[in-house]
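Summary of structural features
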Amino acid sequence: MANVIFVVETFLAYDRPGQNVSPEWVNFRLDWFHKYTLQSLLGQTFKDFRIFVQCGERHRARLESYPWHPAVTVCFGQGQDEYAKINTDYLSITRIDSDDLFHRDNMAEVRDNLILANGQRVLCWKTRMVWDYVNGYF
């Protein structure tokens, strides 16, 4: 049987061209991620996955000083160092926004629908529930 390592990846205060977020935004998003997004990941029924948070250089000092949950691997440089440490037949990477939530069975669905082949397989969800935080409705 092939070896598969699962990673959930998100981006937080990532350096994007033309987008320079404020320190206040970074603090808000760090706290939001830990209070909501991370809790939805820690509450998964399938738990054998890693959590990589891709971070940028502009706010590196703040990101490095934050008291991250031990389940989180903070990545700089697009996570190249962390991904280089992984020795596996297959790598399954699932992306989540740093302010989103996963249903508790989301990663089990990823695991259960994984097709291991020489080609690429993408699992997408066609339906979803969205909470509009700004306007306060689902």
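It should be noted that the structure appears before, not after, this text.
Our subject in this report is the structure included herewith.

Cut-offs applied
- Residues numbered from 1 in each chain as written.
- Predicted model: local features only at pLDDT ≥ 70, side-chain atom pairs only at ≥ 80, totals over all residues.
- Heavy atoms only, no water.
- Helix = DSSP H or I, 4+ residues; strand = E, 2+ residues; numbered from the N terminus.
- Buried < 20%, exposed > 50% of the residue type's maximum accessible area, 1.4 Å probe, protein only.
- Contact = heavy atoms within 4.5 Å.
- Areas by Shrake-Rupley, 256 points an atom, 1.4 Å probe, with all protein chains shown as cover.
- Salt bridge = Lys/Arg side-chain N within 4 Å of Asp/Glu carboxyl O.
- Phe/Tyr/Trp six-rings, centres within 6.5 Å; stacked < 30°, edge-to-face > 60°.
- Lys NZ or Arg CZ within 6 Å of the ring centre and 35° of its normal.
- Pairing = 2+ DSSP bridges.
- Right-handed = clockwise from strand over helix to strand, strands pointing away.

Across its full length, the protein chain carries four helices and four strands. The order of helices and strands in the protein chain, counted from the N terminus, is β-α-β-α-β-α-β-α. Across the 138 residues in the protein chain, those meeting the buried criterion constitute 35%. Taking as baseline every contact in the protein chain between residues at least 6 positions apart, the subset at least 24 positions apart corresponds to 71%. Surface exposure of the protein chain reaches about 9100 Å², of which carbon and sulfur atoms provide 50%.

Following the criterion strictly, the structure yields seven salt bridges and no others. The partner of glutamate 64 in a salt bridge is arginine 60, and the shortest N-O contact between them spans 2.8 Å. One end of the pair, glutamate 64, and the other, arginine 60, are both in helix 2 (residues 60-65), four residues apart, so they sit about a helical turn from each other. Note on glutamate 64: relative accessible area 47%, which makes it partly exposed. Of the residues examined, arginine 60 reaches a relative accessible area of 28% and is grouped as partly exposed. Close ionic contact of aspartate 97 with arginine 95 constitutes a salt bridge, the shortest N to O distance being 2.4 Å.

According to the stated counting rule, one finds seven aromatic pairs in the structure shown. Centroid distance phenylalanine 11 to tyrosine 14: 4.8 Å. Interplanar angle 85°. Geometry classified as edge-to-face. Aromatic side chains phenylalanine 52 and tyrosine 83 sit 5.0 Å apart centroid to centroid with 65° between the ring planes, which places their arrangement in the edge-to-face category. Here the residue phenylalanine 52 occupies a position in strand 2 (residues 49-55), and tyrosine 83 occupies one in helix 3 (residues 80-84), the gap between them amounting to 31 residues. Assigned by exposure class, phenylalanine 52 and tyrosine 83 land together as buried. An aromatic cluster is defined as three or more aromatic residues linked by ring pairs; in this entry it consists of Phe28, Trp32 and Tyr36. Positioned above the aromatic ring of phenylalanine 76 is the side chain of arginine 60, whose terminal nitrogen or guanidinium carbon lies 3.9 Å from the ring centre.

Positive phi values are uncommon outside glycine, yet alanine 13 reaches one of about 55°. Tracing the chain through its elements places alanine 13 in the loop between strand 1 (4-12) and helix 1 (23-42). Here alanine 13 falls in the buried class, since its relative accessible area comes to 6%. The backbone phi angle of glutamine 78 is positive, close to 60°, even though this residue is not glycine.

As paired strands, strand 2 and strand 3 (residues 72-75) are joined by four bridges and run parallel to one another. Of the residues in strand 3, the one forming a bridge with glutamine 54 is cysteine 75. Once you follow strand 2 into helix 2 and on to strand 3, the crossover reads as right-handed.

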